[in-house]
Amino acid sequence: RHVERLQRVSRASGDTRRIAEATCIWGMLHLARGEHERARRDLETAGAIAATLGADRLQLRCRMTVAEMEMRLGDLDAGEEAARWAVRFADERGILATRAQANVLLALIAILRDDRQRARPEIDAAEVALQATPRHPLWLHVGVLRAAAAADDGDERACRAWWSVARERGVELRSGADLRPALIWLVVSRIVLIPVI
């Protein structure tokens, strides 16, 4: 009801930026309802409007939401394409947090493809992009991914240290759907973290 009202008001105002924002929110609502085609259409429309306005962050948010949706739906090629675009775009604009988000998504896609070596440079890039923001929530993802990579290497000390970072950021309070590929990588590694987990 509130989203419908927001969309009506934004259209009546004629403010193109507000229309794009309302369309983006509408797309996210469709996504939450599992209406993927409608979500994709709204998010792509909002992103296109944002592009014409130079609203870089809104455009990135729309594209990253589509990338994550594609990954969850199993279309890894579409998810990777959108995430790679986001890496380039965020890098050009200096929007480092979104760059890190896209790198994390690319790492998760590589893991889903059972190409863990390809995930490693994406994890490195995400960590570098987050260096200036030590309290950013994405450190949870980097922590789990780093723990999994260290466990895969047989480095128990590094694995436990990175798992501690993930725990400090609340990994135990998350549902884990977005972290599932990294958690599976951690579980099948050579290090057992049962006492820590």
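Since the model is a prediction, treat every value here as computed from it, not as a measurement.

Of note in the backbone geometry, Asp-114 takes a positive phi value of approximately 60° without being a glycine. Within the element layout of this structure, Asp-114 appears in the loop between helix 6 (96-112) and helix 7 (116-129).

As a further point, take the packing of aromatic side chains. Applying the stated criterion across every chain, the model contains 2 aromatic pairs. Ring centres of Trp-139 and Trp-162 lie 6.4 Å apart, and the angle between their planes is 15°; on these two criteria the pair is classed as stacked. Residue Trp-139 is found in helix 8 (residues 139-153), and its partner Trp-162 is found in helix 9 (residues 156-168); the two are separated by 23 residues along the sequence. Above the plane of the ring of Trp-85 lies Arg-63, whose end atom (NZ or CZ) is 4.1 Å from the centre. Sitting over the face of the ring of Trp-162, Arg-146 holds its NZ or CZ atom 6.0 Å from the ring centroid.

This part covers the environment of Val-87. Within the element layout of this structure, Val-87 appears in helix 5 (residues 76-93). With a relative accessible area of 13%, Val-87 lands in the buried category. Taking C-alpha positions, Val-87 is 5.8 Å from Ala-102, a pair spaced 15 residues apart along the chain. Not counting residues within four places of it along the chain, the set of residues in contact with Val-87 comprises Arg-99, Ala-102, Asn-103 and Leu-106.

In this section: the side chain of Thr-98. Structurally, Thr-98 can be placed in helix 6. Those residues in contact with Thr-98 that sit more than four places away from it in its chain are Leu-60, Met-64 and Ala-90.

Here the focus is the side chain of Arg-120. Relative to the helices and strands, Arg-120 resides in helix 7. Taking relative accessible area as the criterion, Arg-120 reaches 16% and is therefore assigned buried.

Another point: the pattern of salt bridges. Applying the stated rule across the entire model yields 21 salt bridges. The salt bridge partner of Glu-21 is Arg-17, with a shortest N-O separation of 3.5 Å. Of the two residues, Glu-21 and Arg-17 are both situated in helix 2 (residues 16-32); the distance of 4 residues between them amounts to about one turn of the helix. Residue classification places Glu-21 among the partly exposed residues on the basis of a relative accessible area of 22%. Look at Arg-17 and you get partly exposed, because its relative accessible area is 38%. With a closest N to O distance of 3.6 Å, Arg-169 and Glu-168 form a salt bridge. Its relative accessible area of 59% is what places Glu-168 among the exposed residues. Overlapping salt bridges bring together Asp-77, Glu-80, Arg-84, Arg-113, Arg-118 and Glu-122 as one network.

What counts and what doesn't
Residues numbered from 1 in each chain as written. Predicted model: local features only at pLDDT ≥ 70, side-chain atom pairs only at ≥ 80, totals over all residues. Heavy atoms only, no water. Helix = DSSP H or I, 4+ residues; strand = E, 2+ residues; numbered from the N terminus. Phe/Tyr/Trp six-rings, centres within 6.5 Å; stacked < 30°, edge-to-face > 60°. Lys NZ or Arg CZ within 6 Å of the ring centre and 35° of its normal. Buried < 20%, exposed > 50% of the residue type's maximum accessible area, 1.4 Å probe, protein only. Contact = heavy atoms within 4.5 Å. Salt bridge = Lys/Arg side-chain N within 4 Å of Asp/Glu carboxyl O.

As far as function goes, none of this settles anything; it's purely spatial.
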